[in-house]
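# Per-entry structural report
So you can see what is in the structure, the chains are spelled out below.
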Amino acid sequence: MIFARLWASLKPGNTNDGSTERLKHTPLEDAYAFAIGCSMIVLGIVLLKTVGLVTGGVAGIALLVSYLIPLPVGVLFMLINVPFFIFAYLGMGRVFMIKTIIVSMAIMGLAVLMPMAVHIDYVQPLFAAVFGGTIIGMGILSLARHGAGAGGTGVLCLYLQKKRGINAGQTQLIIDLIIMAASMFVIPGERLLYSVVSAAAMSLVMMSWHRPERYIGR
């Protein structure tokens, strides 16, 4: 028993008084998380775009607008995010804002380059909805764990969770319902149903796993 307690006290993240110490991420860990997170988001967007779906958050807004305006989704993603950079600074601080700008630029760049690496001829709509929404959510989660956001509605959700204790996934779900309502006028009914599945999959990731009190890294 004595040796077990001694070993536990020496493990990373534990202090001698039994409390948990928050561990800082290194710049290399942040960079890797950003690369993986941005790649997941872009791949999810590609899957959804292939079958003409939308999803929640700023990715969903960019997809929806792309069906109305002949601009690349990545460019729209960046443009939609611009007003939220100011909010990110006011609500979450300068470092968060800088990281979010870097992430948004990376997503725009990857969205342009992705067709050179991945070309999808066919994907089943339900698979695209579930898998695409899930990996977008996992990408956003990867960014959130390392002090950044994908911008847009994600900034608002993270801000409310940090300042008001409101679950980010629940806030995102409300915003997504508004996006789905707007999509009724743009995409057919069947695709709208698949889009709802996609938005739900993305929100469930955040609701299930974005719980800072269970996470010691920062």
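The preceding data block contains the structure.
Every residue gets a number counted from 1 within its own chain, in the order that chain's sequence is written. Since the coordinates come from a predicted model, pLDDT governs what is reported: local features require at least 70, and pairs of side-chain atoms require 80 or more to be given and counted, while whole-chain, interface and lining totals use all residues. Based on all heavy atoms of the structure, the side-chain values leave hydrogens and waters out of the count.

### Some details on the side chain of Ser 66
Test applied: The numbering of helices and of strands both runs from the N terminus, where a helix is a DSSP run of H or I of at least 4 residues and a strand a run of E of at least 2. For each residue, the accessible area found with a 1.4 Å probe, counting protein chains only, is set against the maximum for its type, and the residue is called buried under 20%, exposed over 50%, and partly exposed in between. We call two N or O atoms a polar contact when they sit within 3.5 Å, provided that within protein one can donate a hydrogen and the other can accept it, with sequence-adjacent residues counted only if both atoms are side-chain atoms. The contact criterion used throughout is that any non-hydrogen atoms of two residues lie within 4.5 Å.
With respect to the helices and strands, Ser 66 occurs in helix H3 (residues 57-66). Classification of Ser 66 by relative accessible area gives buried; the value is 9%. A distance of 3.0 Å separates polar atoms of two side chains, one belonging to Ser 66 and the other to Lys 49. Look past the residues within four positions of Ser 66 in its chain and what remains in contact with it is Lys 49, Leu 71, Val 73 and Leu 76.

### Quick word on helix H2 (residues 27-50)
Put simply, the test is: Take the residue count of a helix, subtract one, and multiply by 1.5 Å to get its expected span.
Across its 24 residues, H2 extends 34 Å between first and last C-alpha, which sits within 8% of the 34 Å expected from 1.5 Å per residue. Within H2, burial applies to Asp 30, Ala 33, Phe 34, Gly 37, Cys 38, Ile 41, Val 42, Gly 44, Ile 45, Leu 47 and Leu 48. The elements touched by buried residues of H2 are H3, helix H4 (73-92), helix H5 (94-117), helix H6 (125-145) and helix H9 (189-209). Gly 52 sits one or two positions beyond H2 and adopts a positive phi of about 75 degrees.

### Quick notes on the packing of H4 against helix H7 (residues 153-164)
To keep things clear, this is the line we draw: What counts as an axis is a line fitted to C-alpha atoms, over the stretch in contact for a helix, and the angles between N-to-C directions run from 0 to 180 degrees. Roughly parallel here means an angle under 35 degrees, roughly antiparallel means over 145, roughly perpendicular means 65 to 115, and every remaining angle is called oblique. Crossings are sorted by hand: turned counterclockwise from the far helix by less than a right angle, the near helix makes the crossing left-handed, and turned clockwise it makes it right-handed.
At a closest axis distance of 9 Å, the pairing of H4 and H7 adopts a crossing angle of 15 degrees. Regarding the angle of H4 to H7, the classification is roughly parallel. Considering how the two elements wind past one another, H4 and H7 form a crossing that is left-handed. Facing H4, whose interface residues are Phe 84, Phe 87, Ala 88, Gly 91 and Met 92, H7 presents Thr 153, Val 155, Leu 156, Leu 158, Tyr 159, Lys 162 and Lys 163.

### What to know about the pattern of salt bridges
For clarity, the threshold we go by: The rule for a salt bridge is simple: a side-chain nitrogen of Lys or Arg has to be within 4 Å of a carboxyl oxygen of Asp or Glu.
In the structure shown here, the tally under the stated rule is 1 salt bridge. Here Asp 30 makes a salt bridge to Lys 99, at a shortest N to O gap of 3.8 Å. On the criterion of sequence distance, the pair formed by Asp 30 in helix H2 and Lys 99 in helix H5 is long-range, its members being 69 residues apart. For the pair Asp 30 and Lys 99, a shared accessibility class is recorded, and that class is buried.

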